Amino acid sequence: MAEAHSAVAFSFSITHEGWDVNFDREVLHLVWSSGFRSWKKRLWRFQNSVKNGVYPAPLQSLWATVGILVALHFAGVRLPIGLVGMLLPHLPSTAFHWQVVACFTVALSVWLAIIMVIRYTLRMLLMYKGWMYEERGRGRSISLKTKLWLLLVKSLSGVSRPMLYSFQGSLPKLPVPALDDTVHRYLRSVRPLLNDDEYHRMVKLAEEFQKGIGMKLQRYLKLKSWWASNYVSDWWEEYVYLRGRSPLMVNSNFYGIDAILMHPTKIQAARAATVIHTCLQYRRLIERQEMEPILIQGLVPLCSWQYERLFNTTRVPGVETDRIVHYADSNHIVVLHRGRYFKVLIYYKNRLLLPCELEVQMQAILENKTEPLPGEERLAALTAGERTHWANTRQEFFFKGTNRVSLDAVEKAAFVVSLDDEPFEFDQSRPELLDKFGRVLLHGKGCDRWFDKSFTLCIGSNGRIGFNSEHSWADAAVMSHLWEFVLTEEAMLAGYGPDGHTIGEPEFTPPAPTRLQWDFNEKALAAIDTSFKLAQNLLSDVDLRIYVHDAYGKGFMKDCRLSPDAYIQMAMQLAYYRDAGKFSLTYEASMTRLYLEGRTETVRPCTIESAAWVKAMENKNSNTEERIALLQTACKVHHQGIQDAMCGKGIDRHLFCLYVVSKYLEVDSPFLKEVLSEPWRLSTSQTPHGQTNKMDLKKFPKCISAGGGFGPVADDGYGVSYIIAGEDLIFFHISSKRSCSTTDSSRFAKTIEKSLADIRTLFLDYKSSRQQKVKNEKKTD
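Here the structure is a predicted model, which means the values were calculated and not measured.

Novice: For this particular structure, what's the right way to read the overall build of the protein chain?
Specialist: Counting its regular elements, the protein chain contains 25 helices and 22 strands. The C-alpha radius of gyration of the protein chain comes to 30 Å, within 12% of the 28 Å expected for a compact globule of 781 residues. Projected onto its principal axes, the C-alpha positions of the protein chain cover 110 × 85 × 60 Å. Looking at the 781 residues of the protein chain, the share that counts as buried comes to 52%. Contacts in the protein chain between residues at least 24 apart in sequence constitute 78% of all its contacts with a sequence separation of at least 6. Within the structure as shown, the protein chain displays about 35700 Å² of accessible surface, and the carbon and sulfur contribution to it stands at 56%.

Shown next, in the form of structure tokens:
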């Protein structure tokens, strides 16, 4: 076959006439280019490692230190503390050049010592989190302590522009909360869910745990926190994600949707080429560390560790546990179209292909009329099925030969692109189209997404886009950052001509896509079919509703002097109570990236205060003032819960790690077992945006993603993701299971709509009554 011949760079044979050598210059050139690019990347990494290692000091400061010390030494000033004079007797002579060597050695040592002092001082300063709890604005000012802290952090953060990983050495470690505090917070969080007898039983279990095995588990956990860079993240990745044996599709992977208010081109190949090129530019920013770390309030850095595995990463299945494999470099992507796989080179002569050149490659794939090989069309269903089945199948049928070569091409790709053969549609008057859009991205056909890859770009036949992302390698905020960058760059650069094609002309004929080959016997085909049938059952059970709330947005919420996130969470508490007739354990994802290698923490929006407000809303005898006061209190408590979670004072990660320690020690804890077995029937998450400094919604008001979503966590629960897309726009992605008789995503969407409307009416009535009261007082005066 042509593919097999092109894989041979050279060959030789010995004849009676001597050596006979044949070689393919193009393949040898590709090998040379790949090696050259790899060494260039190693050099960049080394240079960036040096810069990050000495940040916040610029490298130029070293030469300034050397120059000053040399000048002082030869001027007769013995600084610092005579170190140069102490070092000279140990050198071969006291000649001029050896004196310079001594000065350089001392200057380097002093310079490094100063840098280490600065970095550790900055780390100690970043441990302070009092600034998060201080209210700002509306006549309030921060404390003197926080002002001094801000001044010190700013002065020690350096004047040079930070690179992506510049602050990694200065970030503090995630602290282990006090056991008593965590148990106390936990008991408060479950009080609205339990009756008196159940609550007293839980209090008794908690007290026995605190006085018994809990103290021992806490000591082991503190020991780990001293030793490990983060006491949670490795166990969280291992036990929550990688050891899970259930399918990734729907259960773990999440999706993201296009900026649906924009439609820059309807040409599939052109949109795919532009998005691919932008993603590769983002990869280059990460590799060269030219992207700045995210700084809260422009000062406090977030951990950038998760960006390392955004590209060139795959999740490899195992019988008992999976593993994340990240490749240092990849010069190709894999494109999936109509059940066929194509390897597409993205570099030519050490240059990244331009969008117009990538469009040629995408169009060639779309025009390719070959049929899928036996089993090829449903191959990706293996990544959608049970993990142990996929691991065994991989070991038996993908260990060597043609299948191994092709699987390596997929797994070592920078990412996977799926050119779908159906449109991704949006019409405000036809909400079912957006629901279908979400389902296509969440699970597709069950066999047209490579669910193991860090992410799969999905391009609809009408040019709309989305993605499906694996979850173990990082959290949704990192993928959202990439997605925001893609949409923003596309809007700002206007890379399409009037005809919808990419701007520019190819400078050469780009490398043709290579069709990947597969060879499956009957047993392998049966294994693929088993996963496909499971995937079909799973995706057919998904009930997804994407609700577009445009009656009002964060503008009105801020006018009510409430946090928009707390406002929405309270609306969902009210909606769930109306839908289910009871309260439920509620999960809201928060982040701990203020700490080294931090990932997420759980906020529990269902609180004593939120329950009191919900009951007041459902009580016809309660008045407006009472409801408003209870809502304000509930929002305040919720906001503090988010602050606690971000500052390492969460409940669930601490209890989870204590449970892991108990399993290692082979001891049972009834308290921990009950805590970890509680189902999250309402799992929520807010999609962040505004992570790129280029985003200008005033200039490009339509340039914002419709967010994304995920499947339900519990069989009888809801998964709700939302994005506050503007002053008057919120997207809710609501998922549940059709097989559950007590849940209905469309019904819950309507309940959320009504709850949001009722809260707005509540505040309008309150404002009207206050105005009327003022008028009456004026008349009385």
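Novice: Is there a simple way to explain the environment of S746 in this structure?
Specialist: Within the secondary structure layout, S746 lies in helix 25 (residues 745-780). Residues S746 and W236, spaced 510 residues apart in sequence, show a C-alpha to C-alpha distance of 33 Å.

Novice: Mind showing me how you'd approach the packing of aromatic side chains here?
Specialist: Geometrically, a pair of aromatic rings is defined through the distance of the ring centres and the angle of the planes. Within this structure, the stated rule accounts for 33 aromatic pairs. Ring centres 6.5 Å apart and planes at 75 degrees place the aromatic pair Y239 and Y664 in the edge-to-face group. Placement of Y239 in helix 10 (residues 233-242) and of Y664 in helix 23 (residues 652-664) is noted, with a sequence separation of 425 residues between them. Judged by centre distance (6.4 Å) and plane angle (80 degrees), the ring pair of W390 and W450 falls under edge-to-face.

Novice: What's the story with the pattern of salt bridges in this structure? I'm lost.
Specialist: Per the stated rule, a full pass over the model turns up 41 salt bridges. The closest approach of N and O atoms between R161 and E292, which form a salt bridge, is 3.0 Å. Pair noted here: R161 is in the loop between helix 6 (144-156) and helix 7 (179-190) and E292 is in the loop between helix 11 (268-287) and strand 4 (295-296), with a separation of 131 residues, a long-range link. When the shortest N-O distance is used, the salt bridge between D758 and R578 registers 2.9 Å. You can see D758 sitting in helix 25 and its partner R578 sitting in helix 20 (residues 564-580), a full 180 residues away along the chain. Assessed through its relative accessible area of 25%, R578 is described here as partly exposed. Linked by salt bridges that have partners in common, R245, R315, D322, R387, D452 and E470 make up one network.

Novice: Where do I start with the pairing of strand 3 (residues 254-257) in this structure?
Specialist: Here is the key point about a regular strand: its side chains alternate between the two faces of the sheet. Side chains of strand 3 alternate between two faces, with F254 and G256 and Y255 and I257 buried alike. Examined bridge by bridge, strand 3 and strand 14 (residues 465-469) share four bridges and lie antiparallel to one another. Residue G256 lies in a different strand from strand 14, and its bridge partner there is F467. Here strand 3 pairs with strand 20 (residues 708-709) via two bridges, running antiparallel. Residue G256 lies in a different strand from strand 20, and its bridge partner there is G708.

Novice: Sorry if this is basic, but what is going on with the packing of helix 11 against helix 17 (residues 476-493) here?
Specialist: When two helices pack together, their arrangement is captured by the angle between the axes and the distance separating the axes. Helix 17 packs onto helix 11 with a crossing angle of 125 degrees between their chain directions and a minimal axis gap of 10 Å. Relative to helix 17, helix 11 is oriented oblique. Between helix 11 and helix 17 lies a crossing whose hand is right-handed. Residues R271, T274, V275, T278, C279, Y282 and L285 of helix 11 form the contact with helix 17, whose participating residues are H481, L482, F485, V486, L487, E489 and E490.

Conventions used here
Residues numbered from 1 in each chain as written. Predicted model: local features only at pLDDT ≥ 70, side-chain atom pairs only at ≥ 80, totals over all residues. Heavy atoms only, no water. Helix = DSSP H or I, 4+ residues; strand = E, 2+ residues; numbered from the N terminus. Rg over C-alpha atoms; globule rule 2.2 N^0.38 Å. Buried < 20%, exposed > 50% of the residue type's maximum accessible area, 1.4 Å probe, protein only. Contact = heavy atoms within 4.5 Å. Areas by Shrake-Rupley, 256 points an atom, 1.4 Å probe, with all protein chains shown as cover. Phe/Tyr/Trp six-rings, centres within 6.5 Å; stacked < 30°, edge-to-face > 60°. Salt bridge = Lys/Arg side-chain N within 4 Å of Asp/Glu carboxyl O. Pairing = 2+ DSSP bridges. Axes fitted to C-alpha atoms, helices over the stretch in contact; angles between N-to-C directions. Parallel < 35°, antiparallel > 145°, perpendicular 65-115°, else oblique. Left-handed = near helix turned anticlockwise from the far one by under 90°.

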